[in-house]
Number of protein chains: 4
Amino acid sequence: MNLWGGRFKDKINRSFLDFSASIEFDYKLAEHDVNCTKAWTISLAAAGIISELELEEITNGLYAVAEEIKTNSFEFMPGDEDIHTAVERRLVEIVGPAGGKIRTGRSRNDQVATDLRLFTMEQLNDIDYGLRALIEALLDKAENLMGVIIPGHTHLQHAQPVLLSHLLMAFVHMIMRDRKRVKNAYIHTDCMPLGSGALAGTGIEIDRMQLAGQLGFERVSENSIDAVSDRDFVGDTLYTLSMIMVHLSRLAEQVILWCSQEFAMVRLADAWATGSSLMPQKKNPDAAELVRGKTGRVVGSLMSILTVMKGLPLSYNRDLQEDKEGLFDAIETVLGCLHVIERTVDTMEFDRERAAQLVAGGFITATDLADYLVGKGIEFPQAHRIAGEIVVYCLDKGKELKDLALREFKPFSELFEEDVGQWLDVEASLCRRNMIGGTDPVEVSKSIKAARDALERKSESL
Amino acid sequence: MNLWGGRFKDKINRSFLDFSASIEFDYKLAEHDVNCTKAWTISLAAAGIISELELEEITNGLYAVAEEIKTNSFEFMPGDEDIHTAVERRLVEIVGPAGGKIRTGRSRNDQVATDLRLFTMEQLNDIDYGLRALIEALLDKAENLMGVIIPGHTHLQHAQPVLLSHLLMAFVHMIMRDRKRVKNAYIHTDCMPLGSGALAGTGIEIDRMQLAGQLGFERVSENSIDAVSDRDFVGDTLYTLSMIMVHLSRLAEQVILWCSQEFAMVRLADAWATGSSLMPQKKNPDAAELVRGKTGRVVGSLMSILTVMKGLPLSYNRDLQEDKEGLFDAIETVLGCLHVIERTVDTMEFDRERAAQLVAGGFITATDLADYLVGKGIEFPQAHRIAGEIVVYCLDKGKELKDLALREFKPFSELFEEDVGQWLDVEASLCRRNMIGGTDPVEVSKSIKAARDALERKSESL
Amino acid sequence: MNLWGGRFKDKINRSFLDFSASIEFDYKLAEHDVNCTKAWTISLAAAGIISELELEEITNGLYAVAEEIKTNSFEFMPGDEDIHTAVERRLVEIVGPAGGKIRTGRSRNDQVATDLRLFTMEQLNDIDYGLRALIEALLDKAENLMGVIIPGHTHLQHAQPVLLSHLLMAFVHMIMRDRKRVKNAYIHTDCMPLGSGALAGTGIEIDRMQLAGQLGFERVSENSIDAVSDRDFVGDTLYTLSMIMVHLSRLAEQVILWCSQEFAMVRLADAWATGSSLMPQKKNPDAAELVRGKTGRVVGSLMSILTVMKGLPLSYNRDLQEDKEGLFDAIETVLGCLHVIERTVDTMEFDRERAAQLVAGGFITATDLADYLVGKGIEFPQAHRIAGEIVVYCLDKGKELKDLALREFKPFSELFEEDVGQWLDVEASLCRRNMIGGTDPVEVSKSIKAARDALERKSESL
Amino acid sequence: MNLWGGRFKDKINRSFLDFSASIEFDYKLAEHDVNCTKAWTISLAAAGIISELELEEITNGLYAVAEEIKTNSFEFMPGDEDIHTAVERRLVEIVGPAGGKIRTGRSRNDQVATDLRLFTMEQLNDIDYGLRALIEALLDKAENLMGVIIPGHTHLQHAQPVLLSHLLMAFVHMIMRDRKRVKNAYIHTDCMPLGSGALAGTGIEIDRMQLAGQLGFERVSENSIDAVSDRDFVGDTLYTLSMIMVHLSRLAEQVILWCSQEFAMVRLADAWATGSSLMPQKKNPDAAELVRGKTGRVVGSLMSILTVMKGLPLSYNRDLQEDKEGLFDAIETVLGCLHVIERTVDTMEFDRERAAQLVAGGFITATDLADYLVGKGIEFPQAHRIAGEIVVYCLDKGKELKDLALREFKPFSELFEEDVGQWLDVEASLCRRNMIGGTDPVEVSKSIKAARDALERKSESL
């Protein structure tokens, strides 16, 4: 069935039809398309376009279609070029020609935009659920590992001692920001284009606010030309998903590093690792690698929609059909990645002994040494230089800072006294960093608590 | 001057220093860096690290530095690898070694993140100002051209008649959405990292909330490891700028089409067009073309920051130095584009006669013809088919719909009556689309008014 | 069936297996995987790892598998995580445990890289075939429309008269360049990784050159660590495909403009256009719009693979599994787009009268007017200025250049004489541009002939 | 000075002129622009447009301009909107109005395309020089470190022992491929557009082949419409540069990992590392991090040019001005990155003891254990399983494979004999991988020699 054709003398070419058809992917909108049509039919009745009887017949027909979709018994036919065509075709089969009336006053332009927004809103809720689950897994881990000290890295070099829980909380904070982006994307999506017709507005007298209420939209679009060609919400969603993937890729990188024989900080659960077809000893962090790799495809989809929209004149152009596949793929990818990374985090085991071993070396409290001197009244730049010279001394002697005797400190500055030893203790170092956001155990515990509270407050749907 | 070195035996290679230096671009942060340091110095005094006297000296020194920056008399020296080094170097020249104390408890990691956020917040305000000016120009145009009817396009084909003002308002709605994105980007940026030190938190006892207040931040970062490596706000800003450019590119495309001899809808002001070095008759819409072209570079910068951040382990890595140039360039590009497109819109003249000529042909009210039959009780699909057949009839006869006599309509359906003529009138067609967002003149006027009201309500800074 | 597991105590998690499995898309490599294994088995026999009898059994088994794949009767089982696993599983079902020997000395790392290269080489041949077909359609059109003059545009403004065939040939030249890129991508792909093992090289004594010959490769990889992690050829192919799409998007844009009521230069065949579900008169250039839109997804896939590869340490990482879907999708997309655009070009009709009408106006020979004055001895800048002033004069009077009498030219320069009229003739203008690449009909004909000759010379497979 | 204006009544707006001017970046083309004009002037003389005397005067004038450019004494004036305008303006100042004749028959459209191609060809030569230098540094290192065995990684897990030189050669092979891409990009660029005029071809009778010869081009463009709007060569160059950066980012990642305290494989030279402003002990691999980060901007520029070109109708559009800045920046970035990474590689020191320590553990010869069993007649899948079980045994007992006594092997398979010990030796493992591309020392040495030979053969300019 074609939804058009009176003006055409020749039939559409078969291969062109296949090329331009969207049914292969927009079938995912089926449920939303039926709901959308149900609500529209009510509006048509209210406007007097169809009778109460027709409303009942069509509504019953649509329930039947919905049931078929739900139970996977809906059969697509050759010629169903898109989901709207398929639903109308099936409806007419069920209720007869009156089914065709559902198209009155609507265009596929406003219809597909409405369906896609409903779909996106639903999926953003699922994404948010996945983000919450990951936060929860990270919080659990941060609580369980409270007290474990590791070398914090900058430039992948040992920098200063930090709590492992503090580092895990860094990821929690990234994901919490992502939740805000998801919320914003949702708000931008939550606006009903239906009633915009092809571009000029529908010719039917309908109450768009009421229609929106029925479909679960907060707002209605305020310019019909814009409404049919606006895919900003796809961009917003894909950007949000890209940022989530960037964050997951960073977490994945961390896990991959930790699993290496060189870092040796983490043992993955057997159920969340894979082996090698060739090398019998291998246990690979494939989940994390796949997550890191999949960042590329989501970013690619964002680039894709921006490229599609660039330079398009008003209003609807068929280029916009390219809004769907990248979005569908990105959503599915992110949902999958959230799940596997959450399971990976939840099931991995940290090696506390290795952490202790790593934090013991590498002059990790050299900054504290400089701070010590500042406390004694030296300007920081000079204190920094002295501490650096002591590191060179240690490197030459093959010693660690904590191995030095007071008499070895003295030549570098007369200000060193016996208390320097305590000052270089890693736990003391941590505790001195007790401002908001610092690695002091009390602060980190507060931060975990605050994040958990926020999670509970915001765990309702978007 | 180096801010480090005690630990190094050999000097840094000169060409490497040039390669890694950021002063060539981060000098743009100078003002914010000085402000940041002023506030930090107060915190140092409050924490007892420096005396009241030192505070006064350093503050005076910083005022002197600020004055030099403002008056472009600040001289950069070889060895000033970044703006922080340059400011500290100059301060020490002015106030002596005590100037070095400003670095106590800070790292360039938290400092640069703070500077860049302050800069971005300031620039987002400017972007918003530019968006408001463009909305205003579009609103003025929409008001002035109220009543002009043009063919609305879908697929770049004549679709239905719409008000030119309605179409201009489509762009207003895009830009209004962009203002929301700018606001969201601002909120994400408005969070102070200062006090996070290199990654573990500062070792100094400072009140971060007070410090934030002094610098104009609403919030402080809650995890120091995250704070020094978080560049989400750069991504948020670049995405927002990319969407603005996508919208401007669409407006630009429209202008370019209108200026063509084929559309002939618009005459550009001489002051906002350019000529050809070869072809004497040319008057080119270069402003619009450049705006359309510059979309590429802003999208490229978004791609760039996402690529930079992908897979980075915690915490700060030098890769993050790549956060600035793309951002600076994108901001400058968008500000420039907003200005020229605003001027272009403001100064261009529409050819009302050409509009009338274009809207007269092309079966632009064929949808109304179908709607007419629906009004007579035919199902839309059938009505659509009949209207299509009448179009074919017209094409064969070389006629327009409005030229047809009733007896020519009759063979297609007995339901046609005399009133079909009025129904095909473009103004009547417009008026029937009088729902929210429709092209009915009353609705469009309301929409202009509402947009102007919103503009006035939200014209304060972000 | 798992190809690994001895080292694992727990079974892999089901949802993780689904997430990490590639069988859903790498089944496309089935045929190549079987061929690859056939050739490998011969090498194993040559190395004495398997007996002649085993070789025969396994080879027969592989033929059976190949037949099942060809006839779509190959059944995938749950647990077939990738195509290599599936083929080995089925082979073992057919020939018993000896089938497992095919894995000796191989890793999925070198195997998948080999399969993917074979697949890509095959597909690049198909792409080249599609490019040739499009060139042919353009050449046919250029020949048929020889002599039709249109306004050439710069800045979408009428610039100078050109032959329509000349403009069509511009696209031919783009596509000819793409053929060179396809050839280069092919050459980069044509290099066999097999024998590289997991990363260190196979432990089996095989003759890699002979193996390559059997599989149709020209060269073998020269570093096993590089070989298993090199996906440059995917980048090369995706870049090539992106450039093809950029070119097709430009051709599509041209078609879309030509089809508009404003340009009115082209009528699409009914079979290669679509209608509207709402507006009965619509005939939309959807094919061209979809092609233009699909540029985004191919560019997105290029960005994706670059993002995936960025910063990966050696050697194989699971991220590389993300090399396939984008590549497969891009190839399929480009093949489809080449077909529909070729058919669109072939079946569209140009309106010669409209061309004549458009070329008659717009001061399109103003450059010739300046050239005329240069011929009389004036410096070009002054000649350009005079011609510009005459254009202004015409605009004010509502005249075209060719309408001016000699006495109207005279006030602008005494050098004007009667011959100025001929000089402004569009055909004369064309003929004066008779250098290589110019729009002179003789030159354009030569260029068509040369392109057709090149096509015939290079029509063999890559 | 404007190169146009007769047709305009109002002057161009000042801010618009600034916005559209390209002189801020296209001044880099100055030298090429002058050369281009010199050659063009000779053609004009040959065509009789200018006299021999004028030729001499103009040529002398151009030499003077060239000298000013070379000595940085060329002064740009307000109103020099681009380099072509600036050069013509200065020439006219020097030689008088006759200087204006250089513009005869040319357009900035063909001129800028010619300049940019000349520039790109020159820069690609420099890039190739940088690639050669990096290959040389890697080859030197591979030779010096010959014999050092390290754990080869897949999935960042210890996989099999490999020669460090073998791994360094993996990067050599990547860069060798890049040299081919550079060569191909050069060939695509090496085609002269000059003589194409604005789009239709020049009206002057010139010999384009001779002109090309003078400018150092191999070929001339064969379609003038295509020639002025073709920026494929910018895309080709940016893609090539992106792939180079992807490879450098992988090398950088390797260096960063090696420098970490956990890997501890590499010590950077003090001259090629940086310190921290806060942490006195830090020695950071900033060079490698910056290189990795700068990948983003080059990929961003590729994205940018593809976005710019997408959907542009023929022929020249001002959007194309956006071809330069991204290209210039990418070239400069890659040249800088090649230099610093080459110096980093050349000056870094490997810790041979740490290599030995790492390769001793981690079951790195488990694959050899399986191969051993295959040699005894077991099918590989079973051998793989047995080896995996032995690994589990070792993990449970806290042993390495080489620590196991024969009686501990026996329970897993009766086929184990005394020779299993030798088989597990890492050097023996290496030597067994002696096919082309394998990690066997003899093969690796051959490969180093072959690469050095190729380097010498291909060290001439492109």
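Please read all numbers here as calculations on a predicted model, not as lab measurements. Counting restarts for each chain: residues are numbered from 1 in the order of the written sequence. The order in which chains are written sets their letters, starting at A; the order in which ligands are written sets their numbers, starting at 1. Thresholds applied to this predicted model are a pLDDT of at least 70 for local features of residues and 80 or more for the giving and counting of side-chain atom pairs; totals over whole chains, interfaces and linings are not thresholded and use all residues. Water and hydrogen atoms were dropped before computing side-chain values, which therefore reflect all heavy atoms in the structure.

A. Broad picture of the interface of chain C and chain D. Taken together, the contact pairs 105 residues of chain C with 105 residues of chain D. In this description, buried area is defined as the sum, over both parts, of the accessible area (probe of 1.4 Å) that is lost when the two are combined. Here chain C and chain D share an interface that buries about 8,600 Å² over both sides, 61% of which is from carbon and sulfur atoms. Counted as salt bridges are all cases of a side-chain nitrogen of Lys or Arg within 4 Å of a carboxyl oxygen of Asp or Glu. Applying the counting rule to chain C against chain D returns 12 salt bridges. Of the charged contacts, one joins Asp 232 of chain D and Arg 181 of chain C as a salt bridge, the two residues approaching to 3.1 Å between their closest N and O atoms. A helix here means a DSSP run of H or I that spans at least four residues, while a strand means a run of E at least two residues long, and both kinds are numbered starting from the N terminus. Sorting elements by how many residues they give to the side of chain C that touches chain D places helix α10 (residues 232-259) of chain C first, with 13 residues. Charged residues are taken to be Asp, Glu, Lys and Arg, nonpolar residues to be Ala, Val, Leu, Ile, Met, Phe, Trp, Tyr, Cys and Pro, and polar residues to be all remaining types, Gly included. For the side of chain C that touches chain D, the residue count by class is 42 nonpolar, 37 polar and 26 charged. A contact between two residues is defined here by any heavy atoms of the two lying within 4.5 Å.

B. A look at the packing of aromatic side chains. Two rings belonging to Phe, Tyr or Trp (six-membered ring only in the last case) form a pair when the distance between their centres is within 6.5 Å. Interplanar angles under 30 degrees mark stacking, angles over 60 mark edge-to-face geometry, and anything in between is tilted. Under the defined criterion, the tally for this structure stands at 36 aromatic pairs over all chains. On the numbers, 5.7 Å between centres and 5° between planes, the contact of Tyr 372 of chain B with Phe 416 of chain B is stacked. Within this pair, whereas Tyr 372 of chain B is found in helix α14 (residues 366-375), its partner Phe 416 of chain B is found in the loop between α16 (406-409) and α17 (420-423), the two being separated by 44 residues in sequence. We call a residue buried when its accessible area falls under 20% of the maximum for its residue type, exposed when it is over 50%, and partly exposed in between, using a 1.4 Å probe and counting protein chains only. By relative accessible area, which is 0% here, Phe 416 of chain B ends up buried. A connected cluster of aromatic rings, assembled from ring pairs, spans Tyr 372, Phe 409, Phe 416 and Trp 423 of chain A. In our convention, an over-ring charge means Lys NZ or Arg CZ found within 6 Å of a ring centre and within 35 degrees of that ring's normal. In this structure, Arg 7 of chain A is placed above the aromatic ring of Phe 8 of chain A, and the distance from its NZ or CZ to the ring centre is 5.8 Å.

C. A look at helix α19 (residues 441-457) of chain D. Residue and element names in this part refer to chain D. A helix's residues, less one, multiplied by 1.5 Å, set its expected span. In a regular helix each residue adds 1.5 Å, so 17 residues correspond to 24 Å; α19 covers 24 Å between its end C-alpha atoms and thus fits that length. When α19 is considered as a whole, its buried residues turn out to be Glu 443, Val 444, Ser 447, Ile 448, Ala 451, Arg 452, Ala 454 and Leu 455. Residues of α19 that are buried make contact with α6 (108-144), β2 (157-163) and α7 (164-189).

D. Up close: unusual backbone geometry. Residue Ser 315 of chain A is bonded to the preceding Leu 314 of chain A through a cis peptide linkage, with omega at -10°. Following the sequence through the fold, Ser 315 of chain A ends up in the loop between α11 (286-309) and α12 (324-347). Not every positive phi belongs to a glycine, and Asn 72 of chain C is a case in point at roughly 55°. Topologically, Asn 72 of chain C is positioned in the loop between α4 (52-70) and α5 (83-95). For Asn 72 of chain C, a relative accessible area of 71% translates into the label exposed.

E. Focus on the domain arrangement of chain A. All names here are of chain A. Each domain's extent is set by a domain assignment, obtained either automatically or from a database. Along its sequence, chain A is carved into domain 1 (14-104), domain 2 (109-146 + 155-204 + 218-351) and domain 3 (359-447). Domain 1 puts 18 residues into the contact, and the matching count from domain 2 is 18 residues. Carbon and sulfur atoms supply 67% of the area that domain 1 and domain 2 bury against each other, a total of about 1,600 Å² over both sides. In this assembly, domain 1 and domain 2 are joined by 1 salt bridge. A salt bridge links Glu 332 to Lys 28, with the nearest nitrogen and oxygen atoms 3.4 Å apart. At the level of secondary structure, the elements contributing two or more residues to the side of domain 1 that touches domain 2 comprise α2 (23-26) and α3 (30-46). Examining the composition of the side of domain 1 that touches domain 2, we find that 6 residues originate from one element, α3, more than from any other. Its residues assigned to classes, the side of domain 1 that touches domain 2 comprises 8 nonpolar, 6 polar and 4 charged.

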